[in-house]
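What the coordinates show
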There are 2 protein chains.
Amino acid sequence: MATMTAAQRRDQEREAYNAYVAECPSRQVLDALSDKWVTLVLTALADAPRRYSELSRTIAGVSQKMLTQTLRLLERDGLVTRTITASVPVRVDYQLTPLGRTLLPVVRAIKDWSETHISEVRAARVAYDHAAPGT
Amino acid sequence: MATMTAAQRRDQEREAYNAYVAECPSRQVLDALSDKWVTLVLTALADAPRRYSELSRTIAGVSQKMLTQTLRLLERDGLVTRTITASVPVRVDYQLTPLGRTLLPVVRAIKDWSETHISEVRAARVAYDHAAPGT
DNA sequence: CGGAATCCTTTCCGATACTG
DNA sequence: CAGTATCGGAAAGGATTCCG
């Protein structure tokens, strides 16, 4: 009966962790913010509603797939609204919800820290890479 | 000569975007924070230095590989220091640098937003999923 | 104890083609 | 215009094994 006990214990720990993380508010939000494009979309919508095609152009380099996926995610989380105007051709506008707007200061906090400390981070990287160039 | 022009244009846009992103301080920092384990490690080190094994136990569910990788990343960015005590067995302590500590308020900002608004996000998700259960 | 190196699965994401 | 559906390569990440 003792076979795989260690592996099973680890499995259970991981399951417990996964359950914990699934519950943890910070982790859920962080996972959302972590998404490569989320903050860029939020920033793009900060000032005014935008059409899909506007976002596509504003956020240079985003693929259509990722843009749509990101927008769906934000819509699901109640951070943006999607408004369809059934004209010809179709027009779709996205805009931040009040909830979405409350997230902007957080994004700004990250941005501010970045701009303040990025030079130190870069210097640290150079020093680190210089110390161990081979790795 | 006009063959693949569209694809080429897209490639160039993506390259330009990638170059832009590579330069952008906010993106660099966000990429770092985005890392699944970075904030957890920072939080674990907030109050006191910790040994590797302590971190491993505190941050339940992290694999040895990811923990080491995360710590190396933070060390490279000048956010934590790594101190080796050459006893038997070896002892390694990690602690936040002053720079690393300046990041704690940002992490807290995310945490605060999360705890304040997570119920709204969850409600939005339920509503969204209820409206389109099939997808 | 604190890793490094390897393998191998899963997940991400861009490219492409098609639709209302 | 604003998507959806699908596929294949790349990358992330877990499990395992070995070392100072």
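The paragraphs below set out a description of the structure included in this document.

How each quantity is defined
Residues numbered from 1 in each chain as written. Chains lettered and ligands numbered in written order. Predicted model: local features only at pLDDT ≥ 70, side-chain atom pairs only at ≥ 80, totals over all residues. Heavy atoms only, no water. Axes fitted to C-alpha atoms, helices over the stretch in contact; angles between N-to-C directions. Helix = DSSP H or I, 4+ residues; strand = E, 2+ residues; numbered from the N terminus. Parallel < 35°, antiparallel > 145°, perpendicular 65-115°, else oblique. Contact = heavy atoms within 4.5 Å. Nonpolar A, V, L, I, M, F, W, Y, C, P; charged D, E, K, R; others polar. Expected span 1.5 Å × (residues − 1). Buried < 20%, exposed > 50% of the residue type's maximum accessible area, 1.4 Å probe, protein only. Buried area = accessible area lost by both parts, 1.4 Å probe. Salt bridge = Lys/Arg side-chain N within 4 Å of Asp/Glu carboxyl O. Polar contact = N/O pair within 3.5 Å; in protein donor to acceptor, adjacent residues only side chain to side chain. Least-squares fit on C-alpha atoms with pLDDT ≥ 70 in both. Pairing = 2+ DSSP bridges. 1 Å grid on protein atoms, 1.4 Å probe; cavity = no way out; pocket = protein on both sides within 12 Å on 5 of 7 lines; lining within 4 Å. Points joined across faces, edges and corners; volume = space filled by probe spheres on them.

**Describing the packing of helix α2 (residues 25–34) of chain A against helix α7 (residues 104–131) of chain B**
Running from N to C, α2(A) and α7(B) cross one another at 85 degrees; their axes reach a closest spacing of 8 Å. Taken together, α2(A) and α7(B) sit at an angle that is classed as roughly perpendicular. Each of Pro25(A), Ser26(A), Gln28(A), Val29(A), Leu30(A) and Leu33(A) in α2(A) lies in contact with α7(B), whose residues at this interface are Ile110(B), Lys111(B), Trp113(B), Ser114(B), Glu115(B), Ile118(B), Arg122(B) and Arg125(B). A breakdown of the residues in the contact of α2(A) with α7(B) according to their chemical character gives seven nonpolar, three polar and four charged.

**Quick notes on α7(B)**
With 28 residues, α7(B) should reach 40 Å at 1.5 Å per residue; the first-to-last C-alpha distance of 38 Å fits that figure. Taken as a whole, α7(B) has its buried residues at Leu104(B), Val106(B), Val107(B), Ile110(B), Trp113(B), Ser114(B), His117(B), Ile118(B), Val121(B), Ala124(B) and Arg125(B).

**Focus: the interface of chain B and chain A**
Residue-level contacts link 42 residues of chain B with 41 residues of chain A. Of the roughly 4100 Å² buried between chain B and chain A on both sides combined, carbon and sulfur atoms contribute 62%. Our enumeration of links across chain B and chain A arrives at four salt bridges. With a closest N to O distance of 2.6 Å, Arg125(B) and Asp77(A) form a salt bridge. Where chain B meets chain A, there are nine residue pairs in polar contact (both at pLDDT 80 or more).

**Considering the relation of the copies chain B and chain A**
Note on the identical chains: chain B maps onto chain A by a rotation of 180 degrees and an axial translation of 0.0 Å, with an RMSD of 0.2 Å. Such values leave the two copies arranged in the relation of a two-fold axis. In terms of C-alpha distance to the rotation axis, chain B has Ser34(B) as its closest residue, with the C-alpha 2.1 Å off the axis. In this assembly, 98% of the residues forming the interface of chain B have copies in chain A that are likewise at the interface, indicating an isologous arrangement.

**Brief notes about the sheet that holds strand β2 (residues 80–85) of chain B**
All names here are of chain B. Spatially, the three strands line up as an open sheet ordered β1-β3-β2, and their pairing is antiparallel. One side of each edge strand has no neighbouring strand; the edge strands of this open sheet are β1 (50–51) and β2. The pairing of β1 with strand β3 (residues 91–96) spans two bridges and is classified as antiparallel. If you follow Arg 51 over to β3, its bridge partner there is Asp 93. Here helix α5 (residues 64–76) sits on the sheet and contacts β2 and β3; the angle it forms with β2, its principal contact strand, is near 115 degrees.

**Concerning empty space enclosed by the protein**
For the structure on display, the rule yields three cavities of 30 Å³ or more. Each pocket or cavity is described by its volume, and for the largest cavity that value is around 90 Å³. Lining of the largest cavity is provided by 13 residues; of these, Val29(A), Ala32(A), Asp77(A), Leu79(A) and Leu103(A) occupy positions nearest its centre. When contributions to the lining of the largest cavity are tallied by element, the ones reaching two or more residues are α2 and α5 (64–76) of chain A together with α7 of chain B. Broken down by class, the residue content of the lining of the largest cavity amounts to 10 nonpolar, one polar and two charged. Here the second largest cavity is characterised by a volume of approximately 70 Å³. Lining the second largest cavity are Trp113(A), Val121(A), Arg125(A), Gln28(B), Val29(B), Ala32(B), Leu33(B), Val38(B), Asp77(B), Leu79(B) and Leu103(B).

**With respect to the pattern of salt bridges**
Evaluated as defined, the whole model comprises nine salt bridges over all chains. For the salt bridge of Arg50(A) with Glu54(A), the shortest nitrogen-to-oxygen distance reads 4.0 Å. On the basis of relative accessibility, which here comes to 27%, the residue Arg50(A) falls in the partly exposed class. When its relative accessible area of 26% is taken as the criterion, Glu54(A) is described as partly exposed. The salt bridge partner of Arg76(B) is Asp129(A), with a shortest N-O separation of 2.4 Å. Residue Arg76(B) is located in helix α5, and its partner Asp129(A) is located in helix α7 (residues 104–131); the two belong to separate chains. With a relative accessible area of 25%, Arg76(B) lands in the partly exposed category.

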